[in-house]
Amino acid sequence: IRALGFDMKKAEVLKVLRDNDKGGLMEFNDFAKIMSQRILARDPMDDLRRAFKLFDDDNAGKISLRNLRRVAKEIGDRLEDDELQAM
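Attention here is on the structure that accompanies the text.

Cut-off values and rules
Residues numbered from 1 in each chain as written. Predicted model: local features only at pLDDT ≥ 70, side-chain atom pairs only at ≥ 80, totals over all residues. Heavy atoms only, no water. Core = buried A, V, L, I, M, F, W, Y, C linked by side-chain atoms within 4.5 Å. Buried < 20%, exposed > 50% of the residue type's maximum accessible area, 1.4 Å probe, protein only. Contact = heavy atoms within 4.5 Å. Salt bridge = Lys/Arg side-chain N within 4 Å of Asp/Glu carboxyl O. Helix = DSSP H or I, 4+ residues; strand = E, 2+ residues; numbered from the N terminus. Expected span 1.5 Å × (residues − 1). Polar contact = N/O pair within 3.5 Å; in protein donor to acceptor, adjacent residues only side chain to side chain.

## Quick notes on the nonpolar core
Counting five residues, the largest nonpolar core is built from Phe6, Met8, Val16, Ile34 and Met35. When neighbours within four sequence positions are excluded, Phe6 is seen to be in contact with Ile1, Met35, Arg38, Ile39 and Arg42.

See the structure below:
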């Protein structure tokens, strides 16, 4: 659930599991339906703001070459400055 961008509390996860319990398991179709509803209900601008903040760690309101270098290093990408500058 966190991989889809949702930070649910344990109690909320347990409630979802209880509401969709089929012998202690949740079927994929039930999971897909629940998560699809949650994805459609969220504001795409919130996702964009959150993604932007991952780059803009100095809160400058823009993504700098330094920000791109840091993110590239964090994910293990060995891009040269000219490649990063082109972004």
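## What to know about the pattern of salt bridges
Taken as a whole, this structure holds 11 salt bridges when the rule is applied. Arg49 is the salt-bridge partner of Asp46, the closest N and O atoms lying 3.1 Å from each other. With a gap of three residues between them, Asp46 and Arg49 both fall in helix H3 (residues 44–55), about one helical turn apart. Taking relative accessible area as the criterion, Asp46 reaches 37% and is therefore assigned partly exposed. Among the salt bridges present, the one from Asp58 reaches Arg66, with a minimum N-O distance of 3.0 Å. Residue Asp58 is classed as partly exposed on the basis of its relative accessible area, which comes to 38%. Counted as one network, the salt bridges with shared partners bring together Asp57, Asp58, Arg66, Arg70 and Glu74.

## Observations regarding the side chain of Asn67
Topologically, Asn67 is positioned in helix H4 (residues 65–74). For Asn67, the residues in contact, after removing those within four places along its chain, are Phe55, Asp56, Asp57, Asp58 and Lys62.

## What to know about unusual backbone geometry
Notably, Asn59 is not glycine yet its phi reads approximately 55°, a positive angle. Topologically, Asn59 is positioned in the loop between H3 and H4.

## Looking at H3
Given a rise of 1.5 Å per residue, 12 residues ought to cover 16 Å, and the 17 Å separating the end C-alpha atoms of H3 matches this to within 8%. A side-chain oxygen of the first residue of H3 lies 3.1 Å from the backbone nitrogen of Met45; this N-cap is Asp43.

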